[in-house]
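Listed below are the residues making up each chain.
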Amino acid sequence: MAYALTLLYIALSLVSPAVLPDAMVAMRPNLVLGILVIFSVLPSLAESKLVTIPDTYFLIGLLFTCALSSAATGWLSSSITTFTGFLPILITLYFVAITCRSPRRMKILVNVLVVVAFFIFAKGLLAYYSGNFSSDYLLMEGVDGNSLYRFRGLGVLADPN
């Protein structure tokens, strides 16, 4: 159950809740799903050996270092933004570390990521060939006086690079 919820959480995070109907977006599905994943992962946390891996503590330290680095610039509010922006990525990494304990599960995760990539590509392709150049899946850039359209996702994947 925890593994299936983790896959769903990752897919929804990458696709972005913006693709969902407005009524569902208002219910904050990523937050609800994330909480469900946390509760479903808790029973298998002890057998995951996550506490014995030095990277666990390094990444938690990195989270706080990033937040303190932002605070050191004099912007305390940017420290909170940095913390809340990096925390879901870190938690997702731990979800994968706890639930993907076999090569088969890792292959399924990779397939989910490929399906998400093809979904985003299809949305961009559909927008481009239908002439919907104002779509969120397209980013227009000027190159030598010409327009170049680049595909991009929404949310976390909004940067076309």
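Heads up: the structure comes first, above all this text.
Procedures and definitions
- The residue numbering used here restarts from 1 in each chain and proceeds along that chain's sequence as written.
- Predicted model: local features are reported for residues with pLDDT of at least 70 only, side-chain atom pairs are reported and counted for 80 or more only, and whole-chain, interface and lining totals are derived from all residues.
- In computing side-chain properties, one takes all heavy atoms of the structure into account and sets aside hydrogens as well as water.
- Working definition of a nonpolar core: buried Ala, Val, Leu, Ile, Met, Phe, Trp, Tyr and Cys residues. They are joined through side-chain atoms within 4.5 Å.
- Using a 1.4 Å probe on the protein chains alone, a residue whose accessible area is under 20% of its type maximum counts as buried, one over 50% counts as exposed, and one in between counts as partly exposed.
- Residues are treated as being in contact if the distance between any of their heavy atoms lies within 4.5 Å.
- Note on pairing: two strands pair once DSSP finds at least 2 bridges between them.
- Per the convention used, a helix needs a DSSP run of H or I reaching at least four residues, while a strand needs a run of E reaching at least two, with both numbered from the N terminus.
- Here an angle of 0 to 180 degrees is reported between the N-to-C directions of two axes, which are lines fitted to C-alpha atoms, with helices fitted over the stretch in contact.
- By definition, turning the near helix anticlockwise from the far helix through less than a right angle yields a left-handed crossing, and turning it clockwise yields a right-handed one.

**Examining the nonpolar core**
In this structure, Y9, L33, V37, V41, L90, Y94 and F95 are the most contacted members of the largest nonpolar core, which totals 15 residues. Other than its neighbours up to four places away in sequence, Y94 contacts L50, D55, T56, L59 and I60. Formed by 13 residues, the second largest nonpolar core is a distinct cluster that contains Y3, A11, Y137 and L154.

**Structural notes on the pairing of strand 1 (residues 138–143)**
The pairing of strand 1 with strand 2 (residues 146–151) spans six bridges and is antiparallel. Following the sheet pairing, V143 is matched in strand 2 by N146. Between the end of strand 1 and the start of strand 2, which pair antiparallel, lie two residues, with D144 showing a positive phi angle near 50 degrees.

**Details of the packing of helix 3 (residues 29–41) against helix 5 (residues 76–99)**
Contact pair helix 3 / helix 5: the axes reach a minimum separation of 11 Å and the direction vectors enclose 35 degrees. Relative to helix 5, helix 3 is oriented so that their crossing is left-handed. Contact residues: helix 3 offers G34, V37, I38 and V41, while helix 5 offers F95, I98 and T99.

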